[in-house]
Amino acid sequence: MVALAQKSRLITTADIYNSLFSGQTFRWRIIDKKKPIYLGVIGNTITGLRRDNKRSLTIFSSSDTILEKSPVDFFTDYFTLDIDADTCLPEFLKTENSDIWPLLQRYKNIKVLRQHPFETLITFMCAQGIGMKIIRSQVENLCRHFGSRIETSIDNDTVLVYSFPEPETLASLKPHELLSCTNNNHIRASNIISAAAAVADGSLDLDSLRSPALALDEARNALMAQRGIGLKIADCILLFGLQRFDAFPIDTHVHQYLAAWFGIEEAAKSLTQKRYLSLQQKAITLLGPDLAGYAGHILFHCWRKEVKRLDTAL
DNA sequence: GTCCAGGCCTACG
DNA sequence: CGTAGGCATGGA
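Since the structure is predicted, the reported quantities are computational estimates derived from the model, not experimental observations. (Residues numbered from 1 in each chain as written. Chains lettered and ligands numbered in written order. Predicted model: local features only at pLDDT ≥ 70, side-chain atom pairs only at ≥ 80, totals over all residues. Heavy atoms only, no water.)

Chemist: So what's going on with the nonpolar core? Which residues, and what values?
Modeler: Core analysis: the biggest nonpolar cluster contains 78 residues, and L223, F248, Y257, L258 and F262 have the highest contact counts within it. Of the residues that make up this core, three or more belong to each of domain 2 (86–108 + 243–314) and domain 3 (116–149 + 163–233). Y257 has contacts with F248, F262, G296, L299, F300 and W303, leaving out every residue within four places of it along the chain. Counting residues in hydrophobic clusters, the runner-up holds 17 residues, among them I59, F75, Y78 and L113. (Core = buried A, V, L, I, M, F, W, Y, C linked by side-chain atoms within 4.5 Å. Buried < 20%, exposed > 50% of the residue type's maximum accessible area, 1.4 Å probe, protein only. Domains from an automatic or database assignment. Contact = heavy atoms within 4.5 Å.)

In structure tokens:
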């Protein structure tokens with residue numbers, strides 16, 4: 001058993017906590033709601049975050065390093081503290097849309113995370129046409145069945161976590177072995193296995209898709225070559241797992257707020273593939289070419305919480 | 001019971 | 001082109 005030792009302290013705003021449960025990651029969880037400790041597994045390193053006060057955060061870690069970086073360096077990158085919240089959202093939201101701006105106050109500092117590419121690929125393949133609770137439950141099953149078991153202790157309580165499965169592990173499965181992780185959907189199980197196989201054998205090179213030198217369209221096409229990955233899932237993988245903050249995924253909620261908040265008439269119609277691309281261009285024009293997806297995620301979370309009253313955390 | 005959840009793919013006009 | 005239906009289940 002690995003005792004989770006306090007390793008370092010990171011000074012930041014409390015808004016990074018919302019980042020963990022804004023729907024971009026399905027892996028982090030709350031251990032103690034009264035004295036919030038958030039637990040995650042990065043590679044094979046167990047990491048815990050505890051809020052000390054509004055601007056101070058303690059990092060716990062089962063190792064001195066997280067993916068070969070110090071915990072502080074790792075989380076500075078992971079939580080994109082290099083992205084300035086003030087420049088992320090465009091001015092027109094503050095001036096022209098006075099009805100939206102008050103709603104955004106609790107969400108405007110949410111950070112989009114730089115997550116692990118393969119984990120992001122698979123978890124978003126699990127997220128089609130089902131609710132957030134089932135998605136989280138599927139991902140939990142995925143790790144429990146096919147990841148590595150890791151035990152730790154926090155304040156003398158034993159906590160059991162699992163790493164995310166390796167591509168080779170998932171690639172070796174048969175669809176029926178994966179059904180508990182795909183809501184019993186056989187097609188999705190088989191799609192996930194073949195995508196994992198593509199990563200394992202190198203025909204899908206996720207790291208190469210991170211390069212800004214590669215056009216966003218080409219990166220998306222490489223992902224969409226996999227069965228079960230369409231425009232929306234591909235854009236999510238680019239945004240959350242490949243650090244392409246210009247990628248702008250449009251799901252049912254984004255579709256809704258583009259109509260309700262931005263008055264885009266096209267968004268009132270059903271979301272066909274052609275309309276997806278057209279709406280995406282309009283959104284990028286409004287939100288800016290560099291951080292459209294980053295800004296879009298903040299709007300997405302605000303819409304879910306403030307308008308739809310949906311919760312994302314368990 | 002009905003409807004909708006962070007969709008994708010195929011078949012059919 | 002577009003739309004409808006299938007995939008599957010749980011919670012509101």
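Now that the structure has been shown, we can carry on.
Chemist: I'd like to hear about the protein's contact with DNA strand B, residue by residue, with values.
Modeler: Surveying the vicinity of DNA strand B reveals 26 residues, the closest of which are G23, Q24, M132, I233 and R304. Backbone atoms, meaning sugar and phosphate, form 65% of the atoms of DNA strand B found within 4 Å of the protein. Measuring from a phosphate oxygen of DNA strand B, one finds a backbone N or O atom of G228 at 3.1 Å. Within the residue set of the surface near DNA strand B, elements represented by two or more residues are α11 (231–241), α12 (252–260) and α14 (292–307). (Near = heavy atom within 4 Å. Polar contact = N/O pair within 3.5 Å; in protein donor to acceptor, adjacent residues only side chain to side chain. Helix = DSSP H or I, 4+ residues; strand = E, 2+ residues; numbered from the N terminus.)

Chemist: Outline the environment of I264, listing residues and values.
Modeler: Considering the arrangement of structural elements, one finds I264 in the loop between α12 and α13 (273–287). Along the sequence, I264 and D205 sit 59 residues apart, while their C-alpha atoms lie 36 Å from each other. Apart from residues lying up to four places away in sequence, I264 is in contact with L258, A259, L279, K282 and L286.

Chemist: Can you tell me about the pattern of salt bridges, naming the residues and giving the values?
Modeler: Per the counting criterion, the structure on display carries 13 salt bridges. Measuring nitrogen to oxygen at the nearest pair gives 3.4 Å for the salt bridge that ties K94 to E91. Between D207 and R210 there is a salt bridge; the shortest N-O distance is 3.3 Å. Taking the relative accessible area as the measure of exposure, D207 reaches 52% and is therefore exposed. Under the relative-accessibility criterion, R210 is labelled partly exposed at 34%. Each of the salt bridges in this network shares a partner with another, and the network as a whole consists of D77, D82 and R114. (Salt bridge = Lys/Arg side-chain N within 4 Å of Asp/Glu carboxyl O.)

Chemist: Explain the protein's contact with DNA strand C to me, and be specific about the residues and the numbers.
Modeler: All residues adjacent to DNA strand C are G129, I130, I134, N183, N184, N185, H186, I187, S270, T272 and K274. Considering DNA strand C, the proportion of its atoms within 4 Å of the protein that are sugar or phosphate atoms stands at 82%. Between DNA strand C and G129, the relevant distance is 3.4 Å, taken from a base nitrogen to a main-chain nitrogen or oxygen of the residue. Separating a phosphate oxygen of DNA strand C from a side-chain N or O atom of N184 is a distance of 2.7 Å.

Chemist: Let's hear about the sheet that holds strand β2 (residues 5–11): which residues, and what values?
Modeler: Sheet architecture is open: five strands sit in the order β2-β6-β5-β4-β3, paired in antiparallel fashion. Pairing within the sheet leaves two strands with one partner each, and these edge strands are β2 and β3 (29–32). When the angles between neighbouring strand axes are averaged without regard to direction, this sheet yields 30°. Bridge count between β2 and strand β6 (residues 56–61): six bridges; the pairing is antiparallel. Paired with S8 across the strands is I59, a residue of β6. (Pairing = 2+ DSSP bridges. Axes fitted to C-alpha atoms, helices over the stretch in contact; angles between N-to-C directions.)

Chemist: Lay out helix α7 (residues 132–146) in plain terms, naming residues and giving numbers.
Modeler: Over its 15 residues, α7 runs 21 Å from end to end, which matches the ideal 21 Å to within 8%, given 1.5 Å per residue. If you check which residues of α7 are buried, you get M132, I135, R136, Q138, V139, N141, L142, C143 and F146. (Expected span 1.5 Å × (residues − 1).)

Chemist: Give a detailed account of the UniProt feature "domain: HhH-GPD" (unreviewed entry) in chain A, specifying residues and quantitative values.
Modeler: Per the UniProt record, "domain: HhH-GPD" (unreviewed entry) is annotated on residues 130–304. Secondary structure across residues 130–304 comprises 53% helix and 7% strand; the distance between its end C-alpha atoms is 15 Å. (UniProt positions renumbered as here; feature names shortened; annotations may be inferred.)

Chemist: Residue-level account of the domain arrangement of chain A, with values.
Modeler: Structurally, chain A comprises domain 1 (1–79), domain 2 (86–108 + 243–314) and domain 3 (116–149 + 163–233). Relative placement of domain 2 and domain 3: their C-alpha centres are 25 Å apart. With both sides pooled, the region where domain 2 packs onto domain 3 buries about 1200 Å², and carbon together with sulfur makes up 61% of that total. There are zero salt bridges connecting domain 2 and domain 3. Counting the contacts that link domain 2 with domain 3 gives six residue pairs in polar contact (both at pLDDT 80 or more). The greatest single-element share of the side of domain 2 that touches domain 3, amounting to four residues, is contributed by α13. Of the residues that constitute the side of domain 2 that touches domain 3, the class distribution is seven nonpolar, four polar and four charged. (Buried area = accessible area lost by both parts, 1.4 Å probe. Nonpolar A, V, L, I, M, F, W, Y, C, P; charged D, E, K, R; others polar.)

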